[in-house]
Each structure stands twice: as C-alpha cells, then as structure tokens.
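# Geometric and topological summary
So you can see what is in the structure, the chains are spelled out below.
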Amino acid sequence: MLRQELARCLQQAVLKAQQEGALAAAALPEVLIEHPQNPEHGDFASGFPLRMARAMRMSPLAIAEKVSQHIVLPPQVDKVWVAPPGFINFTLREDWLSTEVESILAAGEAYGNIDLGKSKRVQLEFVSVNPTGPLHVGHGRGAVLGSTLANVLTASGYAVEKEYYINDMGTQITNFARSLYARYQQCLSKEAAVPPDGYHGNYIIDLANEIIQEQGDRFLSLPNGEAVSQLAEVGVAKMLQTIKHDLKLLDVVFDVWFSERSLYRGGQYDRAMELLQSAGYVVQKANATWFESSSLGEDKDNVLVRGDGSPTYFASDIAYHYNKFLERKFDEVIDIWGADHQGHVPRMKAVLKALQCDPEQLKVIICQLVTLRRGEEIVKVSKRSGDIITLQEVIEEVGPDPCRFIFLSRSADSQMDFDMELAKKQSADNPVYYVQYAHARIASILRLAKQREIDYSQGDVSLLTSEPESTLIRRLILLPEIVERVAFSLEPHHLPYYAQDLATVFHSFYKQCRVVSEDEALTRARLKLVKASQLVLAKVLRLMGMSAPEKM
RNA sequence: GUCCCUGUAGCUCAGCUGGACAGAGCGGCUGCCUUCUAAGCAGCGGGUCGAGGGUUCGAAUCCCUCCAGGGACUCCA
C-alpha cells in the first residue's frame, strides 16, 4: 500500500542523509505516515522530524528540510514539502489518482481485498448463546459484529471459520428442561410448577404446546427424569432452529455448530484434563477438582469438577479451546463474548499458558451490553423472567439493514442504548438510507447510460480533474486502508463511518457534476468514476452485511 | 474492597498505536428541485474533550488521583 511505501521512502531518505552527515546518527523510531485532517496539508504527512529533534539535536524544521532533500519520491507522488513546526507533507499526482479509477474497475468486486492474513486460519466464535431461549438485542450486536469481522478478515486474506458453540449441557439446560416439562404438564392440565431458578418466559409455553402438537402427551407416561432428559433434547433442537432462523434474518450464517457435549463423547475433555494434570495445574481440595490458575498469576483458582462429579462450564471451555488450538490447530482464535464474561478472559489466557499455547493466539473481543428502550422506557430482555422482546421482533420492527448499521456504528467497548423509537423515527433520515441512497442514485445514473446506449468502456479518466472528482477518487482509494485497519484492530465500527463519508462525498459530487451530459468524452469518463463508486460503495455495504439497493 | 468498559456539541457517537484550528449524524435556524432519485446539496449556530495533577516541543489520546454510569468477582453460563 502507498502508505507503507511512503514510510519506506522516508526511512531511506533519513538513512541517506545520515550517511552523508547531513543528519546526526540516531536510532530511528518507526516512521508513521498519516492522513492529515486538513486537506491543505496534503494527502499524507509525517511528524517524524518532530520526534527526532531531541535525539538529533536539531530543529524539527531543519530535519524535515534535510530529509525532504534526500527523498526519492514514488511515481504516485506529485510533491513533498515541509511545514512548520516540522511536518513532511505529500500530495498525490492528479493524473495518478485518475488512473486509480481504472484500477478499481479492473479489480471489480475484489477491490479493497488485501493480503494481510497470508491465508492464516482464523476461527471466529461468536453468539454462542445458550439454546434455552430466543435471542435478544444484545446477542444481535455480537452476531453483527462477528459476521462483519468475518467478512473483513476474509477480504483481508485470512481463511476464516465462523463457529457457534452450543452449550447443550449443564445446569442451565437442566433448568430449561425442567421448566419445559412443567409447562408441558400444565398445558395438558396437570399440576406442575416452573422451578424458581427455571425459565419463566412465555415462549416456554409456546414451545410446550408445539411439542404437544407434534408428539402428543407421550412424555407424561415417562418417568420424571427420563421425560426431562428427552424434553431437553427436543427443546434444545427447537430453540436452535429458532436461533438459526433469527440469525438468518440478520444475514448471519455459521460454518460450524459445535456441541459442548461432543467434547465429552469425543474425548477432548479427557485429553485436555490429562494435559493439565500432567503439567501439574490440577489439584484436589474441598471436595472438588481445581485448576490452579493462581500459580499462573491469577488471583484465585477455579473449579473444574464440582463435588457432585459434574464438570463446570470452565472445564468445558478448556476442552473446547484445547480442541481449537491443539486439535484443529487454528493459527488464531477470536472469541466474541458479552461484557458479563469479561472476568473469564484472564482465566482462559492462563489456560492457554498451561496448555503450552501462546496466549496471544487467542483474541477476545468483549462486547458491552445493549439496553433496549422505547424512548424513556427500558424494555426487559431477560430470558429467565417474564416478558421479553426478542431479537426477531426488533428486526421485524426496525429492519435488518438499520439494525446491522446501528449495531456496527458503535465500538464494541461502549455500551449502547438501542432506542426502538429513535431507530424507527429516524428511518427517513437514518444514515443507513443515506448510504444506500447513494448506491441507488448511482444505479439510476447507470440505468440512464444504458438506456441511452452509452458505451463508456473507452472513457478517458484523465479528464477527471475537477475538485469534486478528485475528492471522490481520494475517498474511493481509502477502501483498502479501511479494510486493513478493521482487520488489524478488529474494530468494524470504522466501516459505517467510512461508508457515510463516502456517500457524502458522492452526493456532493453528484450535485456539482452532471454525469450524463452533452459532453460525450466527459460523460464517458464520469461514468467510469460513477461505476467505480458503485463498486466501492457496494463492497462496503457487503462487508457490513447489508443490501445495496438498485432503487429506493 | 479488587478488576474490566465508558464519560467529547442539546441527543447518539467517531477521533486512526500523542501531532498542525476538536469531527459526524440527529435536532435547531437559512437558502436550493424545468435536466441523471430533494431519502439530496450548500450554509449558520452549538464543546472549559468528567475533575485535578503529571510526562512531552505538543495530550481528547500516555501515567497518577478523584468523581459519575455500567459490568464482573458463583462448585451460573
């Protein structure tokens, strides 16, 4: 990328200046190239001389002068100049910028793809909600974040696998099954009560009725324990169907659905525990089996196997990550967890150390909570109690594209209010539609061109020299950098901001530059630019998992 | 009590591993549709960047203390 190339040029210039004695010898920090906020400062800039001033015992401005004298400019750059208090600025050549339009057209849908990943195998695990109830908004956030990251990492040259971890055993599943059994009995006019720590939501009743419709009252004749365990199977399968269905509404699709129980049938659990044991991290105390995380710098130990002999969620998760790293051998694993799992992160890092893996291979994104509200009123989403608003209802009310856009527009670090009233009220002026409208506008221009049978394949892009045109091109060629940045930082929220910015620049161009006009040569050139804009806009929308409408 | 996240314009949020006058959307106020989509464009107004110290040539950004909101500290997941 041009940015890296400039950094290299600068570095070489410094070295050369040092060799010639123009600059004092000093260790060089990494040369950073940035985009100045103010366009008057050029396309790229570096504050490198400012940082070197002390070590070189020279004024930043003087250093900048020396460096710029020694620099060999890459062909894309028009000029380099020095600005106080010691910046080195670069401006791109207008004729090079216009040829970038051709590059975009040539790359087509692949424009923006980069080779950061070098085909490294990355597993992205997200959502992984207990199959004991429908998804709510908070889960939607994780789903959108994860699927978008998967899109971007794929575009960045990683081999990505998306996985959903199904917690299909353990205490919560038992609570769920008992609750379901109670509702099942109630629906068949039997006395029964949902356990206090069970699931009280109405969806359990619907589920019970559905099972009755399909399988009748056959569970009544089974012994209590058998009925519960069979209903657990049926109930979990049905909840998973609902979850899959809801995720599909947001265009979230997984490659692998991984069952927690399979870790026990497949021996991963035994092998992982054996490994920890032989490494000396497993101790027996207080009637339970513990992972001695305190010896790895944690503030306390954690239970692996309870007094009653049942393994904890933590033990399963150890077996699961053992499987991810040592059996499936992913180069990198990214887990997206809710804020309530934040305390789990250092534990899992400690586990990796114990398993002789590099903790850096595991990246955990903690996604802060979502509060759902309608104006002032906070809407409850808890699964275990009373009335809830499901993700499905939110999507149906707000629409999948606005949902995705809203979820993506905030960094995972910050908690968000999802205001249904606002989301719907804003619809008309929603940034979502603003971006999509730009795409639809483009489609409309291209339709007109087609209707008039304008062949712009031979358009001459060197005619694209006006200010709105070059501003637009400058934005278009930012796409690979945005992709890189999102892939590197694992922060997809930069995408919607870029999309919006691009749309703004396009709308402005549209207003100032008539595309299909009397001037045939200019028309052909501008149609190329418009087509390139469509490719980039559609690409960003696709990365965000949103639709790129031809008409609105 | 310990740990994690957050605190930037009336509201919702960006601010790229310290940089050149602090940005966007919404809301408010002005203008702009006989030509490719006005779900648009152009402009105005609006901020002691939670508070106080510190590091630095330079801090919204890094360090410390404090304040406020949220979350985690279960043989729950």
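Residues numbered from 1 in each chain as written. Chains lettered and ligands numbered in written order. Predicted model: local features only at pLDDT ≥ 70, side-chain atom pairs only at ≥ 80, totals over all residues. Heavy atoms only, no water.

Moving on: the overall build of chain A. A tally of helices and strands in chain A yields 20 helices and 14 strands. Along the first, second and third principal axes, the C-alpha atoms of chain A reach 85 × 65 × 40 Å. Here chain A holds 552 residues, and 52% of them are scored as buried. Intrachain contacts of chain A at a sequence separation of at least 6 include 73% that bridge at least 24 residues. Put simply, chain A has 59 plus and 70 minus side-chain charges, and the middle of one group is 1 Å from the middle of the other. (Helix = DSSP H or I, 4+ residues; strand = E, 2+ residues; numbered from the N terminus. Buried < 20%, exposed > 50% of the residue type's maximum accessible area, 1.4 Å probe, protein only. Contact = heavy atoms within 4.5 Å. Lys, Arg positive; Asp, Glu negative; His and termini not counted. Charge placed at Lys NZ, Arg CZ, Asp CG, Glu CD.)

Another point: the nonpolar core. Counting 142 residues, the largest nonpolar core has Phe 90, Val 127, Leu 247, Val 394, Phe 418, Val 536 and Met 544 as the members making the most contacts within it. The biggest single contributor to this core is helix 20 (residues 520–543), with 11 residues. Those residues in contact with Phe 418 that sit more than four places away from it in its chain are Val 137, Val 370, Thr 371, Leu 372, Arg 373, Val 394, Val 398, Cys 403, Ile 406, Phe 407 and Ala 423. Counting 34 residues, the second-largest nonpolar core is a separate cluster that includes Val 305, Met 348, Leu 355 and Leu 362. (Core = buried A, V, L, I, M, F, W, Y, C linked by side-chain atoms within 4.5 Å.)

Each assigned domain of chain A is listed with its residue range as follows: domain 1 (2–92), domain 2 (171–249) and domain 3 (431–543). Facing the seven residues of domain 1 at the interface are four residues of domain 3. Contact between domain 1 and domain 3 buries roughly 380 Å² in total, counting both sides, with carbon and sulfur atoms accounting for 34%. There are two salt bridges connecting domain 1 and domain 3. (Domains from an automatic or database assignment. Buried area = accessible area lost by both parts, 1.4 Å probe. Salt bridge = Lys/Arg side-chain N within 4 Å of Asp/Glu carboxyl O.)

Here the focus is the pairing of strand 4 (residues 121–125). The element strand 4 is extensively covered by neighbouring structure, given that four of its five residues are classed as buried. The parallel pair strand 4 and strand 5 (residues 159–166), bridged by helix 5 (residues 137–155), forms a crossover whose chirality is right-handed. With four bridges joining them, strand 4 and strand 10 (residues 332–338) adopt parallel strand pairing. Bridge assignment links Glu 125 to a residue of strand 10, and that residue is Asp 335. (Right-handed = clockwise from strand over helix to strand, strands pointing away. Pairing = 2+ DSSP bridges.)

Within helix 10 (residues 268–278), burial applies to Gln 268, Tyr 269, Ala 272, Met 273 and Leu 276. Down the axis, helix 10 shows its buried residues gathered within 125° of arc, on one side only. In helix 10, the exposed residues that point more than 90 degrees away from the buried face are Glu 274 and Ser 278. Among the structural elements, helix 9 (262–265), strand 7 (282–285), strand 8 (288–291), strand 9 (302–305), helix 11 (313–327) and helix 12 (344–354) are those in contact with the buried residues of helix 10. Following helix 10 by one or two positions, Gly 280 has its phi on the positive side, about 85°. (Arc of directions from axis to C-beta.)

Moving on to the protein's contact with RNA strand B. Taken together, 69 residues surround RNA strand B, and among them Arg 54, Asp 413, Tyr 437, Arg 441 and Ser 444 come closest. Counting only atoms of RNA strand B within 4 Å of the protein, the sugar-phosphate share comes to 62%. Within the backbone of Val 515, one N or O atom sits 3.0 Å away from a base nitrogen of RNA strand B. Broken down by element, the surface near RNA strand B gets its largest block of residues, 10 residues, from helix 16 (residues 431–451). When its residues are assigned to classes, the surface near RNA strand B shows 25 nonpolar, 26 polar and 18 charged. (Near = heavy atom within 4 Å. Polar contact = N/O pair within 3.5 Å; in protein donor to acceptor, adjacent residues only side chain to side chain. Nonpolar A, V, L, I, M, F, W, Y, C, P; charged D, E, K, R; others polar.)

The subject of this paragraph is the sheet that holds strand 3 (residues 87–92). Ordered in space as 1-3-2, the three strands form an open sheet in which the pairing is antiparallel. One side of each edge strand has no neighbouring strand; the edge strands of this open sheet are strand 1 (44–46) and strand 2 (77–83). The mean inter-strand angle of the sheet, taken between neighbouring strand axes irrespective of direction, is 20°. (Axes fitted to C-alpha atoms, helices over the stretch in contact; angles between N-to-C directions.)

Before going further, it helps to spend a moment on the pattern of salt bridges. Evaluation of the coordinates by the stated rule reveals 20 salt bridges. With a closest N to O distance of 2.8 Å, Glu 102 and Lys 528 form a salt bridge. A residue pair is termed long-range when its members are at least 10 positions apart, and Glu 102 in helix 4 (residues 94–107) and Lys 528 in helix 20 qualify at 426 residues. In this structure, Lys 238 and Glu 214 form a salt bridge, with 3.1 Å as the shortest nitrogen-oxygen distance. Pair noted here: Lys 238 is in helix 8 (residues 224–249) and Glu 214 is in helix 7 (residues 203–215), with a separation of 24 residues, a long-range link. Note on Lys 238: relative accessible area 12%, which makes it buried.

Moving on, we come to the sheet that holds strand 9. Strand order across the open sheet formed by three strands is 7-8-9, with antiparallel pairing between neighbours. Edge positions in the sheet fall to strand 7 and strand 9, since each has one partner strand and no second. Strand-to-strand twist of the sheet, defined as the mean angle between neighbouring strand axes without regard to direction, takes the value 45°. Pairing analysis gives three bridges linking strand 8 to strand 9, with the strands arranged antiparallel. The residue bridging Thr 289 from the neighbouring strand is Val 305, located in strand 9. Helix 11 contacts strand 8 and strand 9 of the sheet and is inclined by roughly 80° relative to strand 9.

Attention now goes to the environment of Leu 105. Among the structural elements, Leu 105 can be located in helix 4. Judged by relative accessible area, which is 25%, Leu 105 ranks as partly exposed. For Leu 105 and Tyr 497, which are 392 residues apart along the polypeptide, the C-alpha to C-alpha distance reads 23 Å. Among residues more than four places away in sequence, those in contact with Leu 105 are Lys 528, Lys 531, Ala 532 and Leu 535.

Note on terminology: a disulfide is the covalent bond linking the sulfur atoms of two cysteines. Taken as a whole and judged by the stated rule, the model has zero disulfides. Free cysteine Cys 403: the closest other cysteine sulfur is in Cys 367, separated by 14 Å. (Disulfide = S-S within 2.5 Å.)

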